[in-house]
Amino acid sequence: WAEQGGPFFPTKLLYYLKPDDFMLTAALASRLIVGALGMFLLSSALGLSALLALFTGALLEYSGVFAANLPYSNTSAIYMLPWALLGAHKICTKPGPAAVAFSALALGMALLGGHPSLVLLVCVGFGAWVLGVWAQTRPAVPVLMRSSGLLAATGVIALMIAAIGLLPFLELVVHALSYKNTDVAESIWRERLGWTRDVFGFAAFFPSLLSAAR
């Protein structure tokens, strides 16, 4: 699991109970429900009616970014983003042990989600929400200090939850080599990835021409 496959993400349990192709598909697809439920609860917490919150959750469930990651078992972290944002909302609006526990569990599950880039995205989203609320409300120093303490506790607990997946990765970092430091990686970047990245700015304004530009 040091290779960031996300074997401890909760929905993987379906596959472990009955390891066949159907259950693997079910384990991967069930992450859509995880993300949609998180967005439904977040929308409700923000004051939307039950019907609008349900629509918002369904909209995210059927979005391209969720669908695009369905085939990959190491992209599970992205489905925890609504839960992480809900945790940040709780930390900001109802600070206390319950908010810390909820946020830590959401971030811990995201940390067990596989690819570190998507894990980082979830953590950045959590932090951005908190910073945005602070910028809007400008809390007094005592309130800010208390919130900072709660956030620190959240981070520590999240790391403890995810330790089973993070510790082997740290060992891998010490002992292993990355293909990205080899000549093969340079060749892959030069021949395949670099020129794709170069058209992204163009594609932001003319997405229909992305394939042609590549």
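Because the structure is predicted, anything quoted here is derived from the model rather than measured.

S.K.: Is there a simple way to explain the overall build of the protein chain in this structure?
M.R.: Tallying secondary structure elements over the protein chain gives 12 helices and 0 strands in all. When the helices and strands of the protein chain are read in sequence order from the N terminus, they spell out α-α-α-α-α-α-α-α-α-α-α-α. When its C-alpha atoms are laid out on the principal axes, the protein chain stretches across 55 × 45 × 40 Å. Taking all 214 residues of the protein chain together, 33% fall into the buried category. For the protein chain, contacts bridging at least 24 residues in sequence account for 64% of all contacts bridging at least 6. Carbon and sulfur atoms provide 72% of the accessible area of the protein chain, an area that totals close to 13,000 Å². With 12 positive and 9 negative side-chain charges, the protein chain shows a separation of 14 Å between the mean positions of the two kinds.

S.K.: Looking at this structure, I do not really get the pattern of salt bridges. What am I missing?
M.R.: Think of it this way: side chains of opposite charge can pair up when their charged atoms draw near. Summed over the entire model, instances satisfying the criterion amount to 1 salt bridge. Residue Asp-20 pairs with Lys-18 through a salt bridge whose shortest N-O separation is 2.4 Å. Of the residues examined, Asp-20 reaches a relative accessible area of 23% and is grouped as partly exposed. The exposure class assigned to Lys-18 is partly exposed, which follows from its relative accessible area of 47%.

S.K.: Would you mind showing me how to read the packing of helix 6 (residues 97-111) against helix 7 (residues 116-137) here?
M.R.: Packed helix pairs are characterised by how far apart their axes lie and by the angle those axes make with each other. Across the interface, helix 6 lies against helix 7 with an axial gap of 9 Å and an inter-helix angle of 155 degrees. With respect to helix 7, the element helix 6 is oriented roughly antiparallel. The handedness of the crossing between helix 6 and helix 7 is left-handed. Contact residues: Ser-103, Leu-107, Ala-110 and Leu-111 in helix 6; Val-119, Val-122, Cys-123 and Phe-126 in helix 7. Partitioned by chemical class, the residues of the contact of helix 6 with helix 7 number 7 nonpolar, 1 polar and no charged.

S.K.: It is not clear to me how helix 8 (residues 141-161) should be interpreted in this structure. Could you clarify?
M.R.: Two residues of an α-helix separated by three or four positions point the same way, owing to the 3.6 residues in each turn. Helix length check: helix 8, at 21 residues, gives a terminal C-alpha distance of 30 Å against a target of 30 Å (1.5 Å per residue), a fit within 8%. Of all the positions in helix 8, only Ser-147, Leu-150, Thr-154 and Ala-158 are classed as buried. The buried residues of helix 8 occupy an angular sector of 75 degrees when the element is viewed end-on, so they sit on one face. Seen from the open side of helix 8, the exposed residues pointing more than 90 degrees away from its buried face are Val-141, Pro-142, Met-145 and Met-160. If you follow the buried residues of helix 8, they end up packed against helix 5 (81-93), helix 6 and helix 7.

S.K.: Sorry if this is basic, but what is going on with the nonpolar core here?
M.R.: In terms of nonpolar packing, the biggest core is built from 20 residues, with Ala-77, Met-80, Leu-107, Val-122 and Phe-126 touching the most fellow members. Of all the secondary structure elements, the ones that give two or more residues to this core are helix 5, helix 6 and helix 7. No other element matches helix 7, which puts 6 residues into this core.

S.K.: Where do I start with a nonpolar patch on the surface in this structure?
M.R.: A cluster of nonpolar side chains, namely Tyr-179, Val-184, Ile-188, Trp-189 and Leu-193, defines an oily patch on the protein surface of about 490 Å² accessible area. Within the secondary structure, Tyr-179 is located in the loop between helix 9 (163-175) and helix 10 (183-197). Judged by relative accessible area, which is 52%, Tyr-179 ranks as exposed.

Analysis parameters
- Residues numbered from 1 in each chain as written.
- Predicted model: local features only at pLDDT ≥ 70, side-chain atom pairs only at ≥ 80, totals over all residues.
- Heavy atoms only, no water.
- Helix = DSSP H or I, 4+ residues; strand = E, 2+ residues; numbered from the N terminus.
- Buried < 20%, exposed > 50% of the residue type's maximum accessible area, 1.4 Å probe, protein only.
- Contact = heavy atoms within 4.5 Å.
- Areas by Shrake-Rupley, 256 points an atom, 1.4 Å probe, with all protein chains shown as cover.
- Lys, Arg positive; Asp, Glu negative; His and termini not counted.
- Charge placed at Lys NZ, Arg CZ, Asp CG, Glu CD.
- Salt bridge = Lys/Arg side-chain N within 4 Å of Asp/Glu carboxyl O.
- Axes fitted to C-alpha atoms, helices over the stretch in contact; angles between N-to-C directions.
- Parallel < 35°, antiparallel > 145°, perpendicular 65-115°, else oblique.
- Left-handed = near helix turned anticlockwise from the far one by under 90°.
- Nonpolar A, V, L, I, M, F, W, Y, C, P; charged D, E, K, R; others polar.
- Expected span 1.5 Å × (residues − 1).
- Arc of directions from axis to C-beta.
- Core = buried A, V, L, I, M, F, W, Y, C linked by side-chain atoms within 4.5 Å.
- Patch = residues over 30% accessible without salt bridge, like charges linked within 9 Å, V, L, I, M, F, W, Y side chains within 5 Å.

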